[in-house]
Amino acid sequence: MKAFNPYLPLTEHVPDGEPHLFNGRVYIYGSHDTATGTVYCEDHYVTWSAPEDDLTDWRYEGVIYRRNQDPSNQDDKMQLWAPDVTQGPDGRFYLYYCFNFFNEIGVAVSDSPAGPFEFYGHVKFSDGNKWTKPMPFDPAVLTDDDGRVFLYSGFTPSGEKAFLMPEFTEEQLNAMPEEEREMIANLSNIKFEEYSVVAELEADMLTVKEGPKPLIPSENHTKGTSFEGHGFFEASSIRKFDGIYYFVYSSHKSHELCYATSKYPDRDFEFGGTLVSNGDIGYKGNTKFVATAGNNHGGIVKANGEYYIFYHRPTNGTEFSRQGCAEKLTMRADGGFDQVEITSCGLNGGPLPASGSYPAAIACYMRCPKSLDCINYNDPAVKETTMVTEKSNQVFVTNIVDGSVLGYKYFAFLGADMLVVELKGLYDGEILVACDPEGEEVIGEAELHIQSDEFGCELIPLSDISGTKPLYFIFHGKGMLDMKGFAFLNM
């Protein structure tokens, strides 16, 4: 079976993916966007799982927790943001979550990692008061080997990621709970924390035993520390491998996931490096975005002796329709990880075979003349760029124009001598197939004269090529196209 990025069906949108290995299966816990979302996380929590020795075989486990199960959201007006799950000392599974800009950390419990989960309570202090400050956000949780439980949280927009709220319509604002409307209206006056925080919980999994206390500094407080240039922003995630604690987080750059390590779960973390950027910034010194980047959130899992980083990418020109992706990591002898490249092959275990058919939406490189480096809701071009979209249950790449480039990494070429490309639109020009985005190593080309609102097939002869190569489609001409997929043929 083949796997590619995104690793779930193209109609599924589970960002903020936290992978956990339970009973021989990797379970993905994340928030749940929709294909045409207008705010973050509009759907209920679901989970998917796969055998740890075959991460190409994902199984839908269903809805595991609904927004209105929490008594604080019985009117179902708030969205469930990024969650995390741990197996408690009692053997049960605990789901930690927050609603959008709402000052509570909710907890649900299940006897199975596949759910369903039932509401259990809200994180509170020993005096009975709920944890409301610092503002709860992106909770992460760890049950340590000795049974101690640690809860992590934090939201510290600063530096390059000074918090910018997208503009909402009056209709969207009216649909929000009063508390959220007030918070959005006063965001400029909110005093966000300057550090991520950690707290130890009692055995009841609800009551704070110690903390919360500062853990990782925001960019405003990194000068002179190992975190300079990669300050904490959001997306706390925690793992323990071989006695070392790995804290994964989204830096103030937003598009990158970084990590820090310590011998302790609640102190003395030092910056380790960048794991992945959904724009490939920093990979082998790269400074050019390979796609319009958005926010990022994910975690590491060790499965079948191998390490993987899970992350997400934006689609549809927003951060409200994100999809989960994953790449294999290699742990160095010193316990660290180097940054990995974003690819189309992801969890496949190697390059994809240059045979059979593939959806266009697995592109890991996507640029056009109007491309933005990062999602900017105040720039109209955000909806005019070449991007993945979904309409009428079809997922495809849209807004392909003169100068658009779609890239796929990597394929093992096995002798295919023809490509079939599914296109629709109004377009006169040409398509180049190359092994580089600049078109210096062209392996196929064809003229395009398309006038159709239905997808049709175009044939592109390929030159003799072998080995593992990236594949780029480069468009030159007048008009606009959509691309649904492509297939390799032996004629």
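Asks: Tell me what's going on with the overall build of the protein, and back it up with residues and numbers.
Replies: Within the protein, the secondary structure is distributed over 2 helices and 28 strands. In terms of C-alpha radius of gyration, the protein reaches 23 Å, essentially the compact-globule figure of 23 Å for 491 residues. Among the 491 residues that make up the protein, the fraction classed as buried is 60%. Contacts in the protein between residues far apart in sequence, at least 24 positions, make up 61% of those at least 6 positions apart. In the form shown here, the protein has an accessible surface area of approximately 19400 Å², with 47% of it arising from carbon and sulfur atoms.

Asks: Please provide a residue-by-residue account of a nonpolar patch on the surface, values included.
Replies: Together, L459, L489 and M491 make up a nonpolar patch on the protein surface, roughly 310 Å² of accessible area in all. As for its position among the elements, M491 is in the segment after β28 (467-489).

Asks: Any details on the sheet that holds strand β2 (residues 25-29)? Residues and values, ideally.
Replies: The 4 strands lie next to each other as β1-β2-β3-β4, forming an open sheet whose pairing is antiparallel. Both outer strands of the open sheet, β1 (18-22) and β4 (59-65), are each paired with one neighbouring strand and no more. Neighbour to neighbour, the strand axes of the sheet diverge by 30° on average, direction disregarded.

Asks: With reference to specific residues and values, describe the pairing of strand β11 (residues 195-201).
Replies: Counting buried positions over the 7 residues of β11 gives 6, a clear majority of the element. In this structure, strand β10 (residues 149-153) lies alongside β11, joined through 5 bridges in antiparallel fashion. Among the inter-strand pairings, Y152 is bridged to a residue of β11, identified as V198. Here β11 hands over to strand β12 (residues 208-217) after 6 residues, with M205 in that stretch at a positive phi of 70°.

Asks: Any details on the packing of aromatic side chains? Residues and values, ideally.
Replies: Across all of its chains, the model carries 47 aromatic pairs by this definition. Relative to Y97, the ring of Y65 lies with its centre 5.1 Å away and its plane at 45°, an arrangement referred to as tilted. Residue Y65 is located in strand β4, and its partner Y97 is located in strand β6 (residues 93-97); the two are separated by 32 residues in the primary sequence. Both residues of the pair, Y65 and Y97, count as buried.

Asks: Before we move on, could you go through the sheet that holds β11 and cite the residues and values that matter?
Replies: Pairing in this open sheet of 4 strands is antiparallel, and the strands run β9-β10-β11-β12 from one edge to the other. Two strands in the sheet have a free side with no partner beyond their single neighbour: β9 (140-143) and β12. On average, each strand axis in the sheet is tilted by 20° relative to the strand beside it, whichever way the strands run. The sheet contact formed by β11 and β12 spans 5 bridges and is antiparallel. Its bridge partner being in β12, E200 is matched across the sheet by E210.

Asks: Tell me about the environment of C364, and name the residues and values.
Replies: With respect to the helices and strands, the residue C364 is situated in the loop between β21 (356-359) and β22 (365-367). Relative accessible area serves as the criterion here: at 9%, C364 is assigned to the buried category. Linking C364 and T292, residues 72 residues apart in sequence, is a C-alpha distance of 10 Å. If sequence neighbours within four positions are ignored, C364 has contacts with V290, A291, I342, T343, S344, G407, Y408 and K409.

Asks: Could you give me a rundown of the nonpolar core, with the residues and numbers involved?
Replies: By size, the foremost hydrophobic cluster in this structure holds 64 residues, and its most contacted members are F473, F475, M483, F486 and F488. At 9 residues, the largest contribution of residues to this core is made by β28. Among all residues touching F473, those that are not within four sequence positions of it are S404, V405, L406, Y408, L419, V421, I431, L432, V433, M483 and F486.

Asks: Any chance you could break down the side chain of E390 for me, citing the residues and the numbers?
Replies: With respect to the helices and strands, the residue E390 is situated in strand β23 (residues 387-391). Once residues within four sequence positions are removed from consideration, E390 is found in contact with L10, T11, H13, A35, T36 and V395.

Reading guide: rules and limits
- Each chain has its residues counted from 1, following the order in which its sequence is written.
- With the structure being a predicted model, the display of local features is reserved for residues of pLDDT at least 70 and the display and counting of side-chain atom pairs for 80 or more, all residues being used for whole-chain, interface and lining totals.
- Heavy atoms throughout the structure, all of them, feed into the side-chain values; hydrogens and water do not.
- Elements are defined by DSSP. Helices are runs of H or I of four residues or more, strands are runs of E of two residues or more, and each kind is numbered from the N terminus.
- Note on method: radius of gyration uses C-alpha positions; expected globular size equals 2.2 Å times residues raised to 0.38.
- A 1.4 Å probe rolled over the protein chains alone gives each residue an accessible area, and that area as a share of the maximum for its type sets the label: buried under 20%, exposed over 50%, partly exposed in between.
- Here, residues are in contact when the closest pair of their heavy atoms is within 4.5 Å.
- In this description, accessible areas are obtained by the Shrake-Rupley approach with a 1.4 Å probe, and a residue is regarded as covered only by the protein chains that are shown.
- Patch rule: a residue counts if its relative accessible area is over 30% and it has no salt bridge; like charges are joined within 9 Å, and nonpolar side chains (Val, Leu, Ile, Met, Phe, Trp, Tyr) within 5 Å.
- A pairing counts as a salt bridge when a side-chain nitrogen of Lys or Arg comes within 4 Å of a carboxyl oxygen of Asp or Glu.
- We call two strands paired when DSSP finds no fewer than two bridges between them.
- Note on definitions: angles span 0 to 180 degrees between N-to-C directions of axes, and those axes are lines fitted to C-alpha atoms, for helices only across the stretch in contact.
- Pairs were defined over the aromatic rings of Phe, Tyr and Trp, the Trp ring being its six-membered one, requiring ring centres within 6.5 Å. Orientation was assigned from the angle between planes: stacked under 30 degrees, edge-to-face over 60, tilted for the rest.
- Residue types Ala, Val, Leu, Ile, Met, Phe, Trp, Tyr and Cys, when buried and joined through side-chain atoms within 4.5 Å, form a set referred to as a nonpolar core.

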